[in-house]
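A closer look at the structure
For reference, the chains in residue letters:
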Amino acid sequence: MTTQAPERHEFQAEVKQVLDIVVHSLYTDKEIFVRELVSNASDATEKLRHTQVAEKDADVFDPDLDLEIQVTSDEEAGEITIRDFGIGMTHDELIENLGTIAHSGSKAFLNALKASGERNDNLIGQFGVGFYSVFMVADSVKVYTRSWHKEGQCYCWSSDGSGAYEIEPVDGERRGTRIVISLKDAYKDFAKKARLEAIIKKYSAFVQFPVLVEGDKLNTVGAIWLKSKSDISDEEYKEFYKFQAKAFDEPRFWLHFSADAPLSINALIFAPTENMEGFGFGRMEPGVALYCRKVLIDSEPKNLLPDWLRFVRGVVDSADLPLNISRESMQDSSLIQKLNKVITKRFLKTLEEKAKKEPEVYNDFWQNFGLFLKEGVTTDFTHRDQLLGLLRYESSYTEKGTTTSLSDYLSRAPEGQKEIYYLFGPSREAIESGPYIEAFKARNIEVLYLYEPIDEFVMNHARAFEEKNFVSADSDEIDLDAIAPETDTDRGEALEASASEALCAFIKETLGDEVSEVSASDRLVGSPAMIVNADKMMTAQMRKMMKAMQQKTGGPDMGAEPPVKLQVNPRHPLVKNLAGLHESNGELASLISEQLLDNARIAAGLLEDPSQMVQRNYKILEQLSAK
Ligand code: ADP
Ligand code: MG
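Note that the coordinates shown come from a computational prediction; the quantities given were computed from them, not determined experimentally.

Digging into the overall build of the chain
When helices and strands are counted, the chain shows 20 helices and 22 strands. Taking all 627 residues of the chain together, the buried fraction comes to 51%. Contacts in the chain between residues at least 24 apart in sequence constitute 72% of all its contacts with a sequence separation of at least 6. As presented, the chain carries roughly 30000 Å² of accessible surface, and 48% of it is formed by carbon and sulfur atoms.

Focus: a nonpolar patch on the surface
A contiguous nonpolar patch, built from F248, F279 and F281 and spanning about 400 Å² of accessible area, is present on the exposed surface. Residue position: F248 is located in the loop between helix 7 (234–245) and strand 10 (251–259).

Some words on the sheet that holds strand 17 (residues 447–450)
Strands in a sheet are paired, the pairing made by backbone hydrogen bonds, and the direction either parallel or antiparallel. Reading across the sheet, the 5 strands line up as 15-17-16-19-18 and stay open at both edges, with mixed pairing between neighbours. The open sheet is flanked by strand 15 (394–395) and strand 18 (464–465), the only strands paired with a single partner. Relative to strand 17, strand 15 is paired through 2 bridges, and the arrangement is antiparallel. Across the sheet, residue S395 finds its bridge partner in strand 17, namely L448. The strands touched by helix 15 (residues 453–462) within the sheet are strand 16 (419–424), strand 17, strand 18 and strand 19 (468–472), with strand 16 carrying the most contacts at an inclination of about 155°.

Focus: helix 15
Residues of helix 15 that are buried: D455, E456, V458, M459, N460 and A462. Just past helix 15, the residue R463 takes up positive phi, approximately 65°.

Description of the confidence of the model for the chain
Per-residue confidence for the chain averages 87 on the pLDDT scale, and 88% of its residues sit at or above 70. Confidence drops under pLDDT 50 across residues 118–126; counting only partners more than four residues distant or on other chains, this segment forms 27 contacts.

Notes on the pattern of salt bridges
Oppositely charged side chains are able to pair whenever their charged atoms sit close together. A complete count under the given rule lists 35 salt bridges for this structure. Ionic pairing is found between D455 and K374, a salt bridge with its closest N-O pair at 2.9 Å. Pair noted here: D455 is in helix 15 and K374 is in helix 10 (residues 359–379), with a separation of 81 residues, a long-range link. When its relative accessible area of 4% is taken as the criterion, K374 is described as buried. Its salt-bridge partner being K565, residue D476 comes within 2.5 Å of it at the nearest N-O pair. In this pair, D476 sits in the loop between strand 19 and helix 16 (497–511) while K565 sits in strand 22 (residues 564–568), placing the two residues 89 residues apart along the sequence. Grouping residues by exposure puts D476 and K565 together as buried. Shared partners join several salt bridges into a network, and the residues in it are E31, D189, K192, R195 and K202.

A short note on helix 3 (residues 91–99)
Buried within helix 3 we find H91, L94, L98 and G99. Angularly, the buried residues of helix 3 cover 85° about the axis, an arc narrow enough to put them on a single face. In the core, the buried residues of helix 3 are packed alongside strand 1 (7–10), helix 1 (13–23), strand 4 (138–146), strand 5 (154–159) and strand 6 (164–170).

Considering the environment of Y397
Looking at the element boundaries, Y397 is found in the loop between strand 15 and helix 12 (406–412). Since its relative accessible area comes to 37%, Y397 is described here as partly exposed. Considering only alpha carbons, one finds Y397 and N444, 47 residues apart in sequence, at a separation of 8.9 Å. In terms of polar contacts, Y397 uses its side chain to reach the backbone carbonyl oxygen of N444, at 2.4 Å.

Things to note about the sheet that holds strand 22
Across the sheet, 3 strands lie side by side as 20-22-21; this open sheet has mixed pairing. Each edge of the open sheet carries a strand with a single partner, namely strand 20 (515–520) and strand 21 (529–532). Pairs of neighbouring strands in the sheet enclose a mean axial angle of 25°, with direction left out of account. Of the strand pairs in this sheet, strand 20 and strand 22 are connected by 5 bridges, and their pairing is parallel. What sits directly across from S519, in strand 22, is Q567. Together, strand 20 and strand 22 form the strand contacts of helix 16, whose direction differs from that of strand 20 by roughly 160°.

Observations concerning the pairing of strand 17
The two faces of strand 17 match: V447 and Y449 on one face and L448 and L450 on the other face are all buried. Two strands pair when backbone bridges link them, and strand 16 and strand 17 are joined in this way by 4 bridges, in the parallel orientation. What sits directly across from F424, in strand 17, is L450.

Quick word on the packing of aromatic side chains
The relation between two aromatic rings is expressed through the spacing of the ring centres and the mutual angle of the planes. Here the structure, examined in full by the defined rule, presents 24 aromatic pairs. A ring pair is formed by Y421 and F440, whose centres lie 4.9 Å apart and whose planes are at 55°; its orientation type is tilted. A residue pair is termed long-range when its members are at least 10 positions apart, and Y421 in strand 16 and F440 in helix 14 (residues 437–442) qualify at 19 residues. An identical accessibility class is assigned to Y421 and F440; each is buried. Sitting over the ring of F61, R146 keeps its end group 3.6 Å from the ring centre.

Quick word on the side chain of N266
Within the fold, N266 resides in strand 11 (residues 265–272). Ignoring anything within four residues of it in the chain, the contact list for N266 reads W225, L226, F257, S258, V315, V316 and D317.

Analysis parameters
- Residues numbered from 1 in each chain as written.
- Chains lettered and ligands numbered in written order.
- Predicted model: local features only at pLDDT ≥ 70, side-chain atom pairs only at ≥ 80, totals over all residues.
- Heavy atoms only, no water.
- Helix = DSSP H or I, 4+ residues; strand = E, 2+ residues; numbered from the N terminus.
- Buried < 20%, exposed > 50% of the residue type's maximum accessible area, 1.4 Å probe, protein only.
- Contact = heavy atoms within 4.5 Å.
- Areas by Shrake-Rupley, 256 points an atom, 1.4 Å probe, with all protein chains shown as cover.
- Patch = residues over 30% accessible without salt bridge, like charges linked within 9 Å, V, L, I, M, F, W, Y side chains within 5 Å.
- Salt bridge = Lys/Arg side-chain N within 4 Å of Asp/Glu carboxyl O.
- Pairing = 2+ DSSP bridges.
- Axes fitted to C-alpha atoms, helices over the stretch in contact; angles between N-to-C directions.
- pLDDT = per-residue confidence, 0-100.
- Arc of directions from axis to C-beta.
- Polar contact = N/O pair within 3.5 Å; in protein donor to acceptor, adjacent residues only side chain to side chain.
- Phe/Tyr/Trp six-rings, centres within 6.5 Å; stacked < 30°, edge-to-face > 60°.
- Lys NZ or Arg CZ within 6 Å of the ring centre and 35° of its normal.

Laid out in structure tokens, this is it:
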């Protein structure tokens, strides 16, 4: 029996400040005190385990206790008890750990407090205050503890959270710490078993020691991200994914890594099978949870990954995170930015490896999630180049349904090709039947086929890949003369320069304001004419799309259609005939000129109302059939 009288101690001044704020705080997430105490219990247990493992002949008191965390409560009395069998505390450690502030979280809290000048209730929302958070809900707290050292004594530390605490020796405690919380009347609800279970599941599902609430073991999942890869089966990964992401699909693949520099990181990142945004579920929320040594800091941290990576799921655990820092201050910290950088880089590297070693896996990923990578190109400057390397498009060289990367495109490009050509269209068939592709085909120059509206934004934003500019194949500035046509070398005689000039002048006069320029072009092979695009920032297709959008949503008016540039093929029989006709039969030549423009518009996807064209067509047929 011990009969020593309790000793009374004043809290250190800083602790008093913290307590004063905590007790009077209006902070709404009061439930976090459970997280803090369970995580302390877990830390203490972990330390004990470490001592047992690290010090072979450590003479541990009560050595055969189960390493588990027990939570019990008495709803009526409004009491919660949280017990661990960890390292416990000695008399001096009690004073040191619970009577003073030695660790950075609380120091930072106080510094922020000083900086703000006044007592600021919001600050507690920005800095957790660990153990002291229990005084948000407690009238009085008793900490019974017995250190792991063989020789020792049990003590009871008690306080009501005002200026002082007492320590007295007690009998009969086992190793570790038992914290008895007497709840304020307003918070007796926390003593409900279901409430406690819910809170622990929410914040502490991955604590590596069993957590028992009223003797019932919670189905906590192990912190598999901290294990080594070889100890985890694919099945376990898949189960963990489903649990953690609350997912119904299987993970497509995952990335599991740890790093020590520049930060201590353990990360397990999953790429899902299904694209929920593609299913029309709306914009996804970020789904990589942030942990510090198995304790949840934030389940949906905002800036942990770039926006375009919002489809990945998983866990990032960094021992460098101060456990006591809350979400609000976390999101913009430089630590989060560093984590962001490391994880994004690793994930991109994983994609690059997949693309190289398992192209089918990557291609299927691309089919389902390529849109996110394209979004990344337009929004994430830091990773743009790496993302560009991951783009895949069909091209004039690929089969329908197969794609090429930009690097492969460049590796095939003939010497002297300075640009990367692309063409946007609704389908492969539409692109290939148009006039734009011929000049490229004749020279064996590959053209990428873009089918999705975002692709044009991607090309505009990125501008270049490996210093080769992206250029739309319908652009007016393309100069293919440096590369001689390989096929179709026998292309027939061209119109004389003077005749060709006269014809162009005639067509321009006939078409008036509808065209800004009519010229002869060597780019055309089998088609008599085409419209070329003079607007670098907006191709005709994009303009059309924006116009449709504007009509739907009432956005800003796109203004009148700008006049187009028309190029005619001086080697085409129709054009040659027209050169003669405009002198002999001006009326028919005018009709044909107009028809030429409309046909070029159709090929460019620009003809909006075909009714006029049909009428004109009849007129032409009428004249021809009269002969
Ligand atoms: P932190 O956990 O960030 O160090 P806390 O305010 O939560 O800050 O706890 C202060 C200290 O009290 C801990 O560092 C630890 O030394 C001690 N402590 C708290 N709970 C326990 C426990 N259950 N067993 C042993 N020591 C504990
Ligand atoms: Mg703590």
